[in-house]
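# A look at the structure
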Amino acid sequence: MLSLPAWKCPEWTLNASQVDTSSPEFTEEWQKRMRELQGAIMVASCVQMLVGFSGLIGFLMRFIGPLTIAPTISLVALPLFDSAGNDAGIHWGISSLTVFLIVLFSQYLKNVAVPVPVYRGWKKSHTVKFYVFQVFPVLLALCLSWLLCFVLTVTNVLPSVPTAPGYMARTDSRGSILSQAPWFRFPYPGQWGLPTVSLAGVFGIIAGVISSMVESVGDYYACARLAGAPPPPKHAINRGISIEGLGCLLAGAWGTGNGTTSYSENIGALGITRVGSRRVIVVAGFVLLLMGVFGKIGAAFATIPTPVIGGMFLIMFGVISAMGISNLQYVNMNSSRNLFIFGFSIYCGLAIPSWVNRNPEKLQTGILQLDQVLQVLLTTGMFVGGFLGFLLDNTIPGSQEERGLLAWTQIHEESGETLQAVEVYGLPWGAGTRLCTCSCARMLPFWPGPDRKDASRRPSKPLLLSALSIAPEGHPDTRI
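Residues numbered from 1 in each chain as written. Predicted model: local features only at pLDDT ≥ 70, side-chain atom pairs only at ≥ 80, totals over all residues. Heavy atoms only, no water.

### Focus: the environment of W146
By the element assignment, W146 lies in helix α7 (residues 137-154). Residue W146 is classed as partly exposed on the basis of its relative accessible area of 21%. Look past the residues within four positions of W146 in its chain and what remains in contact with it is T171, A300, F301, T303, I304 and P305. (Helix = DSSP H or I, 4+ residues; strand = E, 2+ residues; numbered from the N terminus. Buried < 20%, exposed > 50% of the residue type's maximum accessible area, 1.4 Å probe, protein only. Contact = heavy atoms within 4.5 Å.)

### Observations concerning α7
With 18 residues, α7 extends 26 Å between its outermost C-alpha atoms, agreeing within 8% with the 26 Å of an ideal straight helix rising 1.5 Å per residue. Residues P137, V138, A141, L142, S145, C149, L152 and T153 constitute the buried set of α7. For α7, the arc enclosing every buried residue in end-on projection is 125 degrees, short of the 170-degree limit, so these residues lie on one face. One or two positions beyond α7, positive phi appears at N156, with a value near 60 degrees. (Expected span 1.5 Å × (residues − 1). Arc of directions from axis to C-beta.)

### Some thoughts on helix α5 (residues 92-108)
In this model α5 runs 22 Å from its N-terminal to its C-terminal C-alpha over 17 residues, within 8% of the 24 Å that 1.5 Å per residue would give. For α5, the set of buried residues is I94, S95, T98, L101, I102, F105 and S106. Viewed end-on, α5 has its buried residues packed into an arc of 125 degrees, placing them on one side of the element.

### A look at unusual backbone geometry
One non-glycine residue, N156, adopts positive backbone phi at about 60 degrees. Note on placement: N156 falls in the loop between α7 and α8 (175-180).

### Some remarks on the environment of E244
Tracing the backbone shows E244 in helix α10 (residues 234-254). Between the C-alpha atom of E244 and that of T260, which follows or precedes it by 16 residues, the distance is 6.0 Å. Sequence-distant contacts of E244, that is, excluding residues within four places in its chain, are made with Q48, S212, S216, Y220, T260, T261 and S262. Among the polar contacts made by the side chain of E244, one reaches the side chain of Y220 at a distance of 2.8 Å. (Polar contact = N/O pair within 3.5 Å; in protein donor to acceptor, adjacent residues only side chain to side chain.)

### Some remarks on the packing of α5 against helix α14 (residues 306-325)
Two numbers describe how α5 lies on α14: the axes approach to 8 Å, and their chain directions differ by 45 degrees. As summarised for this structure, α5 and α14 are arranged oblique, according to the angle between their axes. In this structure, α5 crosses over α14, and the sense of that crossing is right-handed. Contacts between α5 and α14 involve W92, I94, S95, T98, V99, I102 and V103 from the first element and P307, V308, G311, M312, L314 and I315 from the second. Split by residue class, the contact of α5 with α14 holds 10 nonpolar, 3 polar and no charged. (Axes fitted to C-alpha atoms, helices over the stretch in contact; angles between N-to-C directions. Parallel < 35°, antiparallel > 145°, perpendicular 65-115°, else oblique. Left-handed = near helix turned anticlockwise from the far one by under 90°. Nonpolar A, V, L, I, M, F, W, Y, C, P; charged D, E, K, R; others polar.)

### Here's the deal with the environment of S145
Tracing the backbone through its elements, the reader meets S145 in helix α7. Under the relative-accessibility criterion, S145 is labelled buried at 0%. Beyond its immediate sequence surroundings of up to four residues, S145 is in contact with L97, T98, L101 and V308.

Quick look at the structure:
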């Protein structure tokens, strides 16, 4: 939307060294763009909530199989190789150290237990074995690399000239962010003024919402696979899309300038850290709220050097790509039909966005809103690959077993019946299973059904979502 001629930045704002960022003119220039984004995001979020609460996305799931999910998830990370390489290439020494530490902690030392003292009462104490490298591999690697960059910055080993290679590896390269950030600031709805709405902006954000929903469905399955949970049932998918739409609505009202969606990089982090507890996510949410209110805390994290982030991206994006391809285990990959669909979808998901980005002028239809929708959709690799996989998989003849739908559907149906699925995807306090089980509530597409008798007889497997720090055989399992 901001690439349209009406919203391009004026010439006098392009040179940051000659602009008074506190002037009323400059403030109005960026705030009116924020208001336009707010209105577009809020309207588009209502469309997403309608799709989720109505059960439309759950209905479409019967046509979405592994050959749709695999290219969609893989194309979340594959197009980002350039970004990850650029960030890591700022200082390959620092980024290589970050990669080495993550691999060392998450793969080689994951079964090494560290004795931790535990105190009970005033006098009783003993030690337990805690698998710290399995639980905190990314955090440990980030802190150690960050500390090394700080030492190299203090000792002036890293270049101090902003134009010199490796300067962005210094911890003070963004020092102004920390000094200029306020100690306390409480955000509120409409802080940039009354949101504005335009047809072009709404259509552009709706196109992004469509891509977001396709990605989110794949993210739900990927998250379940990494966490060892059953695939999400339809009511959970409907509810997830609906709540993402609600998050977009709140983000638009608060004027963040972006929507809310399943963050694929976090799923990659889940695969590395092996921590998928929802309690951790709730605690992290409160931490983020505090960081948003106390500006200095959030600004401190902005000082993490770019090569450290680049090293983490190399690991996480690789995990996400492999995670998408792993969905093909349900498909007969000896079939030329399936090889064609997956290969063509992946390749077009890389080639078409690249061409459109280089040749935006060749998509001019004369209709501004249509041009914007096409621009957003065709530059989103996950949408292009996922749409082609969806279209070809449902039109090219093939048996249910060949397409992987037989095994996919069987797992999906079982996930809605087992006690484990009820525990994982049920609402808090037993809503829908023990409470609020009236027939009217059961008709809602996003509401879980009551416990089934056959599910209650089945033994419940240990839920990896409660703690993924599983100890090796013969060792006590310490969970925090």
